[in-house]
Structure formats: structure tokens, C-alpha cells
Amino acid sequence: MTTPHHPIAIVGGGLGGLTLARVLHVNGVEAAVFDLDASPAARTQGGMLDIHDDSGQPALRAAGLYEEFRALVHPGGESTRVLDRTGTVLLDDPDDGTGGRPEVDRGQLRDLLLGSLPEGTVRWGAKVTGARPLDDGRHEVTLADGTSFTTDLLIGADGAWSRVRPLLSDAKPAYVGISFVEVDLPDADVRHPVSAEVVGAGMMMALGAGKGFLAHRETDGSLHIYVALAVPEDAFDGVDFTDTEAGKAYTLGHFADWDKSLRALLADADGPLTPRQIHALPIGHRWERVPGVTLLGDAAHVMSPFAGVGANLAMLDGADLGQALAAHPGDPEAALAAYETKLFPRSEESAAESAANGILMFDEDAPQGMLDFFASVGG
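Residues numbered from 1 in each chain as written. Predicted model: local features only at pLDDT ≥ 70, side-chain atom pairs only at ≥ 80, totals over all residues. Heavy atoms only, no water.

Explain helix α1 (residues 15–26) residue by residue, including any values.
The end-to-end C-alpha distance of α1 is 16 Å, a good match for the 16 Å that 12 residues give at a rise of 1.5 Å each. The element α1 is extensively covered by neighbouring structure, given that 10 of its 12 residues are classed as buried. Every buried residue of α1 is listed here: Leu15, Gly16, Gly17, Leu18, Thr19, Leu20, Ala21, Arg22, Val23 and Leu24. Just downstream of α1, Gly28 is the residue with a positive phi angle, here 80 degrees. (Helix = DSSP H or I, 4+ residues; strand = E, 2+ residues; numbered from the N terminus. Expected span 1.5 Å × (residues − 1). Buried < 20%, exposed > 50% of the residue type's maximum accessible area, 1.4 Å probe, protein only.)

Explain the pattern of salt bridges to me, and be specific about the residues and the numbers.
Pairs can form between side chains of opposite charge once their charged atoms are near each other. In total, this model carries 14 salt bridges according to the counting rule given. As a salt-bridge pair, Glu140 and Arg132 come within 2.7 Å of each other at their nearest N and O atoms. Assessed through its relative accessible area of 18%, Glu140 is described here as buried. Each member of the salt-bridge network shares a partner with another, and the members are Asp317, Asp320, Lys342 and Arg346. (Salt bridge = Lys/Arg side-chain N within 4 Å of Asp/Glu carboxyl O.)

Can you break down the packing of helix α10 (residues 310–327) against helix α11 (residues 332–362) residue by residue, with the values?
Where α10 meets α11, the closest approach of the two axes is 8 Å, and the angle between their N-to-C directions is 160 degrees. Regarding the angle of α10 to α11, the classification is roughly antiparallel. Remark: the crossing between α10 and α11 carries right-handed chirality. In this structure, α10 uses Leu313, Leu316, Asp317, Asp320, Leu321, Ala324 and Leu325 to contact α11, whose residues at the interface are Pro332, Ala335, Leu336, Tyr339, Lys342, Leu343, Arg346 and Ser350. Grouping the constituent residues of the contact of α10 with α11 by class yields 10 nonpolar, one polar and four charged. (Axes fitted to C-alpha atoms, helices over the stretch in contact; angles between N-to-C directions. Parallel < 35°, antiparallel > 145°, perpendicular 65-115°, else oblique. Left-handed = near helix turned anticlockwise from the far one by under 90°. Contact = heavy atoms within 4.5 Å. Nonpolar A, V, L, I, M, F, W, Y, C, P; charged D, E, K, R; others polar.)

Break down the sheet that holds strand β11 (residues 174–185) for me, with residues and values.
Strands in a sheet are paired, the pairing made by backbone hydrogen bonds, and the direction either parallel or antiparallel. Spatially, β5-β4-β12-β13-β14-β11-β15 is the arrangement adopted by the seven strands of the open sheet, whose pairing is mixed. Where the open sheet ends on each side, the last strands, each with one partner, are β5 (89–93) and β15 (270–280). Taken pair by pair, the neighbouring strands of this sheet meet at an average axis angle of 15 degrees, ignoring direction. Inspection of the sheet shows β11 paired to strand β14 (residues 223–230) by eight bridges, in the antiparallel sense. Bridging across to β14, Val181 finds its partner in Val227. Against the sheet, α11 engages β11, β12 (203–208), β13 (211–217) and β14, with an angle of about 65 degrees to β12. (Pairing = 2+ DSSP bridges.)

How would you summarise the packing of α1 against α10 if you had to cite specific residues and measurements?
What describes two packed helices is the angle between their axes and the distance between those same axes. Contact geometry of α1 with α10 gives a least axis separation of 7 Å together with a crossing angle of 25 degrees. Classed by the angle they form, the pair α1 and α10 counts as roughly parallel. Every pair of crossing elements has a handedness; the one defined by α1 and α10 is right-handed. Contacts between α1 and α10 involve Leu15, Gly16, Thr19, Leu20, Val23 and Leu24 on the former and, on the latter, Ala311, Ala314, Met315, Gly318, Ala319, Leu321, Gly322, Gln323 and Leu325.

Report on the packing of aromatic side chains, specifying residues and quantitative values.
A full pass over the atoms with the stated rule returns 13 aromatic pairs. Residues Phe241 and Tyr250 carry aromatic rings whose centres are separated by 6.3 Å and whose planes lie at 90 degrees to one another, so their mutual orientation is edge-to-face. For Phe241, a relative accessible area of 7% puts it in the buried group. What makes Tyr250 partly exposed here is its relative accessible area of 23%. Considering the side-chain rings of Phe306 and Phe362, the 5.6 Å spacing of their centres and the 75 degrees angle between planes classify their relative orientation as edge-to-face. A residue pair is termed long-range when its members are at least 10 positions apart, and Phe306 in the loop between α9 (298–301) and α10 and Phe362 in helix α11 qualify at 56 residues. Phe362 shares its class with Phe306; the two are buried. Within the aromatic cluster, the residues linked to one another by ring pairs are Phe180, Tyr226, Phe306 and Phe362. Here Lys211 stacks its cationic end above the ring of Phe255, 5.8 Å away from the centre of that ring. (Phe/Tyr/Trp six-rings, centres within 6.5 Å; stacked < 30°, edge-to-face > 60°. Lys NZ or Arg CZ within 6 Å of the ring centre and 35° of its normal.)

Help me get a handle on a negative patch on the surface, residues and values and all.
Where like charges cluster on the molecular surface, the negative patch consists of Asp363, Glu364, Asp365 and Asp372. Looking at the element boundaries, Glu364 is found in the loop between α11 and α12 (368–376). Note on Glu364: relative accessible area 69%, which makes it exposed. (Patch = residues over 30% accessible without salt bridge, like charges linked within 9 Å, V, L, I, M, F, W, Y side chains within 5 Å. Areas by Shrake-Rupley, 256 points an atom, 1.4 Å probe, with all protein chains shown as cover. Lys, Arg positive; Asp, Glu negative; His and termini not counted. Charge placed at Lys NZ, Arg CZ, Asp CG, Glu CD.)

Give a description of helix α7 (residues 244–252) that names residues and reports values.
Residues Gly247, Lys248, Thr251 and Leu252 constitute the buried set of α7. End-on view of α7: buried residues confined to an arc of 120 degrees, all on one side of the axis. Residues of α7 that are exposed and point over 90 degrees away from its buried face: Glu245 and Ala249. In this structure, the buried side of α7 is in contact with β11, β14, α8 (260–267) and β15. (Arc of directions from axis to C-beta.)

Shown next as C-alpha cells:
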């Protein structure tokens, strides 16, 4: 059998990889996307995203999808609340429609990008297990089903645990000291009115030393809650989160002296609890130019979520890379060099901001650090 060859192969069908494929398509360049999910509906895509006017929005303009994106915006989603552990509201900043970070549902945004690509662009159920260099900048990529393909240009858009990254860097994501337990409260206004009132119309942060509740109101009327804990990396090892009540009891044990209206965000949750450790690559992660391969999004710069820029950066990476390739036809190395020149300093700045915000949010005087931050930026 002849090994399939793709001039441009994108590993990962998340927002960054799809933005790259779309920007290339708009510029008359086709690419193949390989995603490990069996289908677009194989798993939920997470909660709300605020799409920034200096990153995600320019990426969508480059993709020719800005107006379609505006139709997905969740009115009121930019509202921000900060509470302390007593449930006292210390900051309540409503969404007046003039902000630069409108909220959209991640799944709807991904569907928009998928629907903008030619049929067959994404190869589903294609789990990459490894890649190796050949010659002249080409690479061979192996899949879990035992097949392989070759490519002239390999782009790793495959997230924090990228299988493409080892071609460029030995760096691995490290635990940042914060873990989440994620839960949902469906149909909140009817079934959980107190929690709906606590969260408000957009984002809510209830913060204390080493812990907190971070919540978003979703477009379907549910509340998505991230319970944050500053705990050792092995803290969850002995907890069976598939036993919902046991998982709740363990997590609520960290909030014994918190107001019952905040504890209810977890205690009243429907469905499973999802534990999640937060990992990040070293701030300033970069690599020497290697012919025929590069990274974008979390594969290049996974960071803690505390600056709210991960998805935005992935989309901007994808748009910048697509435009660079279109601007240097026949010279991919010039395109990759131009792209990485922009990628590295931008990633370093955002990663440093994310790390600093993580300290502010859960420091001993929390939530004062975040109140000071919002005051400094006019929030």
C-alpha cells in the first residue's frame, strides 16, 4: 500500500487547528486535519469563552467568520462578579454591551469553524501516536490504528500533551499547584435559583486563600462551576470522584467555613464531578527552528487559565500561521520563521500574566488582589 501524503497536516481539531485550516482555505491553500475524536459530537467542548478584541476576534476576521461569530454572542455574558467566602458581593460589573470580550459557547464556536471547512478536511478517529523526521523537512506520522502518512509541513495543534512537540522540544507541562473540580447546575433559574442569583448573568469568582469557586452562566441556562483548590499534585489520588457523594464530601471539606450559598454551587450539582489538574509549560517556552514542523495553541504554550487567553491565543496562532504560509508561497521555512517570531514573545507575556493572576486569585488576602487588579484595568 502507498503511504498517503499530505502537503500540510494539522494534528488536532480544536479551535486553533480549525482556525488555521480555515484561514488557509480562505487563502486557497488546503490542509488535512487529524483529530483523535471519533466524530464532532464525541464529547462536550467545555463552557463559555470570552473572545478578545486583540486576539480571538482578529483571528475570526482573518477566517472570514466575524459576522457569524457575532450572532453567537451571549448577551450579558461579560458581567463579572467577585465575592468573598461569606458570599458578600465586592464587585458587580454588569455587561453594558461595550466591552471587548463578548462571551460565546465553545461548542458553538467550534461548530462554526467546522462548518466553514470543505467536507472531509477533518479526519476523525485519527489518534496520532508519534512522528519522525524523514528528509527535506518532511515527516512521517503514525496513527493508533497502525496506519501512517507523510507530510511536507506538520503542525502540532494537539494540546498540552502534544505528540508533535517532542520533535521540537523536550519540555513537558508541570503541575502549577491548583486543581479544579468541575460540576454543572442545569436549568439554574428554575432548579437552582439561589445559585443562579449568586453567579449572575456572566462570570463569578468567589475567592479565598488557596481556594475558590469560579462560575459561568452558559447559553443553555446552566451554570458551569470550577471549584479551585491549591493542593499537592497527589491530593486527589485517594478520592473516588466517580462516587459523586464522596467527591462532594471531600471537596466541600475544604470549604467548611464558607457561606452555604457558595457551598451549594457544589453540593447541589447534578451529574458527575470532573477532577482536573492544572498544568503549564515553562514561561518563555520556545525552540530552535526545525524544518517542516511547528506548534500552535496549548501544544506550544499551555498555561494556567487565569488570564483567560488560552483559546484566544490558539486561534490567533492559527490565523497568524495561516496568513504567514499564504504570504510565503513555496517557502514554508520563511513562513514558519515569521510566525514563530511573533509567537514566542506573545506566548511568554501571556504565560507570565496567567501565572501572576493565579497568585493574585488565591493569595492569603484573596479576593483583595483581584479587586485591585480589576480596579487597575478599569473593571
